[in-house]
Amino acid sequence: MGYPPYTARAELILPYSNQTELLTAGIWEFEYEPDEQIRQRFDIDSLFMELMENERIRKIMTEDVFGGRVKFPFPQEVQSLRDILDNPFVAVSSEKQREIDEKLRNG
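Analysis parameters
- Residues numbered from 1 in each chain as written.
- Predicted model: local features only at pLDDT ≥ 70, side-chain atom pairs only at ≥ 80, totals over all residues.
- Heavy atoms only, no water.
- Helix = DSSP H or I, 4+ residues; strand = E, 2+ residues; numbered from the N terminus.
- Contact = heavy atoms within 4.5 Å.
- Areas by Shrake-Rupley, 256 points an atom, 1.4 Å probe, with all protein chains shown as cover.
- Phe/Tyr/Trp six-rings, centres within 6.5 Å; stacked < 30°, edge-to-face > 60°.
- Buried < 20%, exposed > 50% of the residue type's maximum accessible area, 1.4 Å probe, protein only.
- Pairing = 2+ DSSP bridges.
- pLDDT = per-residue confidence, 0-100.
- Polar contact = N/O pair within 3.5 Å; in protein donor to acceptor, adjacent residues only side chain to side chain.

(A) Here's a closer look at the overall build of the protein chain. Broken down by element type, the protein chain carries 4 helices and 2 strands. Order of helices (α) and strands (β) in the protein chain, N terminus to C terminus: β-β-α-α-α-α. By sequence separation, contacts in the protein chain at least 24 residues apart represent 37% of the contacts at least 6 residues apart. Surface exposure of the protein chain reaches about 8,400 Å², of which carbon and sulfur atoms provide 50%.

(B) Highlighting the packing of aromatic side chains. Taken as a whole, this structure holds 1 aromatic pair when the rule is applied. Each ring, one from Trp28 and one from Phe30, has its centre 6.2 Å from the other, and the planes form 10°; the classification is stacked.

(C) Seen up close, the side chain of Ser46. Within the secondary structure layout, Ser46 lies in the loop between strand S2 (20–23) and helix H1 (48–53). Residue classification places Ser46 among the buried positions, given a relative accessible area of 10%. Other than its neighbours up to four places away in sequence, Ser46 contacts Leu51, Gln79, Ser80 and Leu81.

(D) Just the pairing of strand S1 (residues 10–13), in detail. Pairing analysis gives 4 bridges linking S1 to S2, with the strands arranged antiparallel. Residue pairing for S2: Leu12 is matched across the bridge by Glu21. The hairpin formed by S1 and S2 contains 6 residues between the paired strands, and Tyr16 there has a positive phi angle of roughly 60°.

(E) Representation of the confidence of the model for the protein chain in the model. Considering every residue of the protein chain, the mean pLDDT works out to 80; 83% of them sit at 70 or more. By mean pLDDT, helix H2 (residues 55–65) is the weakest element of the protein chain at 78, and S1 is the strongest at 89.

(F) Up close: the side chain of Asp101. With respect to the helices, strands and loops of the structure, Asp101 is situated in helix H4 (residues 94–106). A residue is classified by how much of its surface remains accessible, and Asp101, at 14% relative accessible area, is buried. A polar contact is formed between the side chain of Asp101 and the backbone nitrogen of Ile44, at a distance of 2.8 Å. Excluding residues within four positions of it along the chain, Asp101 makes contact with Asp43 and Ile44.

Right under this line is the structure:
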């Protein structure tokens, strides 16, 4: 496998932005404001941990899904919300799961 020459250059077009950067050899990290609003999308197959990190979604979860409880008796770090809702100890109907999924998608 070959590597580009040290003098190589590349133009980087930053996502969701009209900005470009001319890069030379090295390691680069960029922080910038996008030109358009970016909103993370969630659904019932999202990891529970990721859902709970979002304030707007956490409110939906604690109020609509778990009746105001904020401590959950299951390992949620690596499970999707669907996995948790399908758990026999939680047992949320498929109709209710569809409602939850719709709320998460539309926020």
